[in-house]
Amino acid sequence: MLAQPVAAAPVATMQQAGAGTIATEITATGMPADAARPPTGPATGPATGPAGAPTPGRTLLIVNRRARNGAERAEAAIAALAGAGLDVHPYDPPEEMGCGEAVTAGLAQGERLGGFDRVVIGGGDGTLNGAIPGLLRAGLPFGIMPLGTANDLARSLGIPFELEGAAQVIATAAPRPVDLGEVNGHCFFNVASIGFSAELAGELKAEAKKRFGRLGYAVAALGLLRRARPFSAWLAHDGREERVRTIQVSVGNGRHYGGGMTVAEDARPDDGVLHVYSLEMRHWWQLVALLPWLRRGTQGQWREVRAFRTTELVLRTRKPRPVNTDGELTTHTPARFRVHPAALRVFAPPDETA
């Protein structure tokens, strides 16, 4: 069953895309223009003292109380950040407000305080994904308090799941760059996928995720697995187009997804490329056998798995199929993917593998 690893496709020349250029590029693909405006005014800039020097530690905290551990651990998150020496200012947005809007609203309310020097998001991967437009507008480094079901971005960045440890990282670590993936104008931190994972995201309801946690993924996957069937897709990248019969195509920006699955063993959230794999097996039971390789990120060693790196990909299917970005269905095929290197800055431990 196992074969030699598939040779990686040539990596296209990377485009320089920092927080300033990503705004223009994403707007061109459909993101609302207000998400791309550069930060302006004291509410979105670093706090300053009497001599104009930044006042360190002034922190805007937004907790998604609908996340799995959000409501019951919000106060613990505040205490952990304060205990790490940060000047914490929680903003509790209205229930109907999205996380990106909440970041902007919280920064605006902080104008009378002189602004903030960092934003902290308490929640899971869906919450962080929703915060992306607000973080791009703010132009500030952000921190993560892992309060979700899978917490895959925190896992990819080496951020502790324990709140006191995560708070210490936010208080003491230097902010490091992190890339963003984009599909049809929708940004993602971890992975976007078509096929089995997208169908799983559609079946795994929010209440099940909150009640059963990572077990919810396994329960929903077992019910869906035997119904999985290959479909035709066309993958255009690096000057070529390939037709495949696949169960799933995953495009990874980060390292982990789906509660600890690994996009590729050498993937990093700041490596400037997208890691793509296509599961081209005929029978559902082969996917079960593949699970240990998916956990390690070595699935590209299978003959039935196509794996490559790129910076842009266009994926077409015979009929529109949903695209799952960081656990949420956000768009459909045809899908254009690209990477925006160093689009944001995050408080995280140094990457020892870089």
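Every residue gets a number counted from 1 within its own chain, in the order that chain's sequence is written. Only residues with pLDDT of 70 or above have their local features reported here, since the model is predicted, and side-chain atom pairs are shown and tallied only from 80 upward, although totals for entire chains, interfaces and linings are computed over all residues. Side-chain metrics in this entry use all non-hydrogen atoms of the structure; hydrogen atoms and water are not considered.

Peer 1: Describe the overall build of the chain, naming the residues involved and giving the relevant values.
Peer 2: When helices and strands are tallied, the chain shows 10 helices and 18 strands. The buried label goes to any residue with under 20% of its type's maximum accessible area, the exposed label to any with over 50%, and the partly exposed label to all in between, with areas taken from a 1.4 Å probe on protein chains only. Within the chain, the fraction of its 354 residues that count as buried is 54%. The contacts in the chain between residues at least 6 apart in sequence include a share of 74% that link residues at least 24 apart. For every accessible area listed, the method is Shrake-Rupley and the probe measures 1.4 Å; residues are considered covered only by the protein chains on display. For the chain, the exposed area adds up to about 15,300 Å²; of that, 54% sits on carbon and sulfur atoms. Under the scheme used here, helices are H or I runs from DSSP no shorter than 4 residues and strands are E runs no shorter than 2 residues, and both carry numbers assigned from the N terminus. What makes two residues a contact is simply this: any of their non-hydrogen atoms within 4.5 Å.

Peer 1: Summarise the pattern of salt bridges; cite the residues concerned and give the values.
Peer 2: By salt bridge we mean one thing: a side-chain nitrogen of Lys or Arg within 4 Å of a carboxyl oxygen of Asp or Glu. All chains considered together, the criterion is met by 12 salt bridges. Note that D152 and R155 form a salt bridge whose closest N and O atoms lie 3.5 Å from each other. Of this pair, D152 and R155 both sit in helix 5 (residues 152-157), three residues apart, roughly one helical turn. R155 sits in the partly exposed class, given a relative accessible area of 25%.

Peer 1: I'd like a description of the side chain of E182, backed by residues and values.
Peer 2: Relative to the elements of secondary structure, E182 occurs in strand 5 (residues 175-183). Judged by its relative accessible area of 1%, E182 falls in the buried class. For this analysis, a polar contact is any N or O atom pair within 3.5 Å, provided that within protein one partner can donate a hydrogen and the other can accept it, and provided that sequence-adjacent residues contribute only side-chain to side-chain pairs. Separated by 3.1 Å, the side chain of E182 and the backbone nitrogen of G185 make a polar contact.

Peer 1: Break down helix 10 (residues 284-296) for me, citing the residues and quoting the values.
Peer 2: Bend at a given residue is defined as the angle between two axes, one fitted to the seven residues that end at that position and one fitted to the seven that begin there. Maximal helix bending in helix 10 amounts to about 45°, located at L290; proline P292 follows within four positions. Within helix 10, burial applies to Q286, L287, L290, W293 and L294. Taken from the residues just after helix 10, G297 is the one with a positive phi, measuring 80°.

Peer 1: A description of the nonpolar core should follow, citing residues and the corresponding values.
Peer 2: Across soluble globular proteins, nonpolar side chains have a tendency to be buried as a group. Side-chain atoms within 4.5 Å link the members of a nonpolar core, which is a set of buried Ala, Val, Leu, Ile, Met, Phe, Trp, Tyr and Cys residues. One finds L81, F142, I144, M145 and F189 to be the most contacted residues of the largest nonpolar core, which totals 48 residues. Once you skip the residues sitting within four places of it in the chain, M145 turns out to touch A77, A80, L81, V120, I121, G122, G123, L163, A166, A167 and I170. Within the second largest apolar cluster, 19 residues are counted, among which are A192, F308, F337 and V339.

Peer 1: Run through helix 4 (residues 125-138), naming residues and quoting values.
Peer 2: Three or four residues apart is the spacing at which side chains of an α-helix point the same way, because the helix has 3.6 residues per turn. The span expected for a helix works out to 1.5 Å for each residue beyond the first. The terminal C-alpha atoms of helix 4 lie 19 Å apart, and with 14 residues this matches the ideal 20 Å at 1.5 Å per residue to within 8%. Where helix 4 bends most, the angle comes to about 45°, and this point is I132, followed within four residues by the proline P133. The buried count for helix 4 comes to 11 of 14 residues, which makes it a mostly enclosed element. With its phi angle positive at about 70°, G139 sits one or two positions after the end of helix 4.

Peer 1: Which residues make up unusual backbone geometry, and what values do they have?
Peer 2: Comment: phi is negative for the bulk of residues other than glycine, and the bulk of peptide bonds are trans. Cis geometry marks the peptide bond from T333 to P334, where omega comes out at 5°. Despite not being glycine, D326 has its phi angle at roughly 50°, a positive value. Counting through the fold element by element, D326 comes out in the loop between strand 16 (322-325) and strand 17 (328-332). By relative accessible area, which is 7% here, D326 ends up buried.

Peer 1: Outline the pairing of strand 4 (residues 142-146), listing residues and values.
Peer 2: Counted residue by residue, strand 4 has five buried out of five residues, so it is predominantly covered. Burial along strand 4 is two-sided: F142, I144 and P146 and G143 and M145, pointing in opposite directions, are all buried. For two strands to count as paired, DSSP must find a minimum of two bridges between them. As paired strands, strand 3 (residues 118-123) and strand 4 are joined by five bridges and run parallel to one another. Directly across from V120, in strand 4, lies its bridge partner G143. On the question of chirality, the crossover connecting strand 3 to the parallel strand 4 by way of helix 4 is right-handed. If you view a crossover with the strands going away from you and the path from the first strand over the helix to the second runs clockwise, you call it right-handed.

Peer 1: I'd like a description of the side chain of H340, backed by residues and values.
Peer 2: Along the chain, H340 falls in strand 18 (residues 335-347). Side-chain polar atoms of H340 contact the side chain of E182, separated by 2.7 Å.

Peer 1: Residue-level account of the pairing of strand 7 (residues 191-195), with values.
Peer 2: Of all five residues in strand 7, five are buried, a share of seventy percent or more. Where strand 7 meets strand 10 (residues 248-252), five bridges bridge the pair, whose relative direction is antiparallel. Residue V191 lies in a different strand from strand 10, and its bridge partner there is G252. Alignment of strand 7 against strand 16, held across three bridges, turns out to be antiparallel. Bridge pairing in strand 16 links A192 to T325.

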